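Next come the chains, spelled out residue by residue.
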Amino acid sequence: MILGSYRIEIPFEELKGYKRILIQLPSGLKIYARKIIDILEEKTKADILVSSDPCFGACDLAVDTALSMDADLLLHFGHLPIPNLKIDFPVKFVDVIMDIDVSSVTDLIVSGVTEKNISIVTTAQHIRYLNEIRKNLEKRGYRVRIDEGDGRIAQPGLVLGCNFSSVSRDAEAVVFVGTGTFHPVGISISTRKPVYSLDPVSMTLTSPNEISAMADRLIKRRFYLITASQGSENFGILVSKKPGQNRMDVALSIRKKLEEKRKKSCIIVTDTIQPDMLRDFGKFDCFISTACPRIALDDHEMFDAPIITPVEFEILIGERKFDDYIFDSIT
Ligand code: SF4
């Protein structure tokens, strides 16, 4: 099924026998929800419900909502499953693909990537094209790595905003195929390698110098926030209920360290972390987010106090040096 620029592959055969299905769509697909529901109802004869809650990744499976609505299946669109996330509820994933012109992508890499030993990575929307790109590049003299990553990574070459373990540490340079700057900047900080970012929609190639400059700006912003957190007495430690973001163990360890330093803290548990909701609790000097790293790194300006990651907390309390700054990751 083609909807806008997406090709959606619903496994209808696997949906037989379910009576009530809750579907979960990323924000770009919600506009097509009614079309998707019509087709699903026609093909499955099940009741189809759609969740309106935000959905940013496979870490965010709406199992609680499915249970409370008596659904017998959760159908999650647009992300690949997280292999080491065990869920005690029937969940199926629907591939959402953005087709790319592999031959033009290859040409663009050949025209701009000078290193010959490269690691290529991408997001779920383009993952099925990586092997074809690799074969083309190998014919043109490149040595191309597509590594497996750790237990959070479903397919070789996949990167998540919270996990760059599929980037080959043996490669001279990295080519990220996808849109946006968060992933290439994260890869740059995590690996300290030259990173090229190839946007297959606009067909532009961003150079390692530009990515490195963005990474430097991000690190400067983070150091500013860590510095602004010094002297804090009253910390809010944020924990997400989302199954693949829940790091209560990390939150408890942070709280223990704060207690040892005679600082006040409060563990706040929520589903989606929203700055407005935190205002109800009164003033905090600093938030430490154990949830999706993107909340602290992308959305920090929306919070009333500095919001830092667990890695940045280690810098704040002197357990880690500024020079050893690393990206927060979930494994
Ligand atoms: Fe994506 Fe954040 Fe979830 Fe990781 S934790 S999969 S970056 S939404």
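Bear in mind that the values here come from a model prediction, so they are computed numbers and not experimental data. (Residues numbered from 1 in each chain as written. Predicted model: local features only at pLDDT ≥ 70, side-chain atom pairs only at ≥ 80, totals over all residues. Heavy atoms only, no water.)

### Points about the overall build of the protein chain
Within the protein chain one finds 11 helices and 15 strands. Radius of gyration (C-alpha) of the protein chain: 21 Å, near the 20 Å computed for a compact globule of 331 residues. A total of 331 residues make up the protein chain; the buried ones form 51% of that total. A separation threshold of at least 6 residues defines the contact pool for the protein chain, and within that pool the share at least 24 residues apart is 64%. Approximately 15,600 Å² of the protein chain is accessible, and the part contributed by carbon and sulfur atoms is 49%. The protein chain carries 42 positive and 46 negative side-chain charges, and their two centres are separated by 2 Å. (Helix = DSSP H or I, 4+ residues; strand = E, 2+ residues; numbered from the N terminus. Rg over C-alpha atoms; globule rule 2.2 N^0.38 Å. Buried < 20%, exposed > 50% of the residue type's maximum accessible area, 1.4 Å probe, protein only. Contact = heavy atoms within 4.5 Å. Areas by Shrake-Rupley, 256 points an atom, 1.4 Å probe, with all protein chains shown as cover. Lys, Arg positive; Asp, Glu negative; His and termini not counted. Charge placed at Lys NZ, Arg CZ, Asp CG, Glu CD.)

### Examining the pattern of salt bridges
Close approach of charged atoms lets side chains of opposite charge pair. For the coordinates displayed, the defined rule picks out 23 salt bridges. In this structure, Asp-60 engages Lys-242 in a salt bridge whose closest nitrogen and oxygen atoms are separated by 3.3 Å. Linking Asp-60 in the loop between β4 (47-50) and α3 (63-68) with Lys-242 in the loop between β12 (234-240) and α8 (248-260), this pair joins segments that are 182 residues apart in sequence. With a shortest N-O distance of 3.3 Å, Glu-233 and Lys-263 are connected by a salt bridge. Of this pair, Glu-233 sits in the loop between α7 (208-229) and β12 while Lys-263 sits in the loop between α8 and β13 (264-270); the two residues are 30 residues apart in sequence, bridging distant segments of the chain. Residue class for Glu-233 comes out partly exposed when judged on its relative accessible area of 43%. With a relative accessible area of 24%, Lys-263 lands in the partly exposed category. (Salt bridge = Lys/Arg side-chain N within 4 Å of Asp/Glu carboxyl O.)

### Describing the side chain of Thr-270
Secondary-structure assignment places Thr-270 in strand β13. When near neighbours in sequence (up to four residues on either side) are disregarded, Thr-270 contacts Val-239, Ser-240, Lys-241 and Met-277.

### Digging into the pairing of strand β10 (residues 195-199)
Counting buried positions along β10 yields 5 of 5 residues, so the element is predominantly enclosed. On β10, burial covers both faces: Val-195, Ser-197 and Asp-199 on one face and Tyr-196 and Leu-198 on the other are all buried. The sheet contact formed by strand β9 (residues 173-177) and β10 spans 4 bridges and is parallel. Its bridge partner being in β10, Val-174 is matched across the sheet by Val-195. Regarding the hand of the β-α-β motif, the stretch spanning β9, helix α6 (residues 182-191) and β10 is right-handed. Of the strand pairs in this sheet, β10 and strand β11 (residues 204-206) are connected by 3 bridges, and their pairing is antiparallel. (Pairing = 2+ DSSP bridges. Right-handed = clockwise from strand over helix to strand, strands pointing away.)

### Here we look at the nonpolar core
With 34 residues, the main nonpolar core has Ile-187, Ile-189, Ile-288, Ile-308 and Phe-313 as its most contacted residues. Of all the secondary-structure elements, those providing two or more residues to this core are β9, α6, α7, β12, α8, β14 (286-289) and α11 (310-316). For this core, the element with the most residues is α7, which contributes 7 residues. Once residues lying within four places of it in the same chain are set aside, the contact partners of Phe-313 are Ile-254, Lys-257, Leu-258, Ile-288 and Ile-308. Membership of the second largest hydrophobic core comes to 26 residues, among which are Leu-108, Ile-109, Ile-133 and Ala-173. (Core = buried A, V, L, I, M, F, W, Y, C linked by side-chain atoms within 4.5 Å.)

In short, geometric facts, not functional conclusions.
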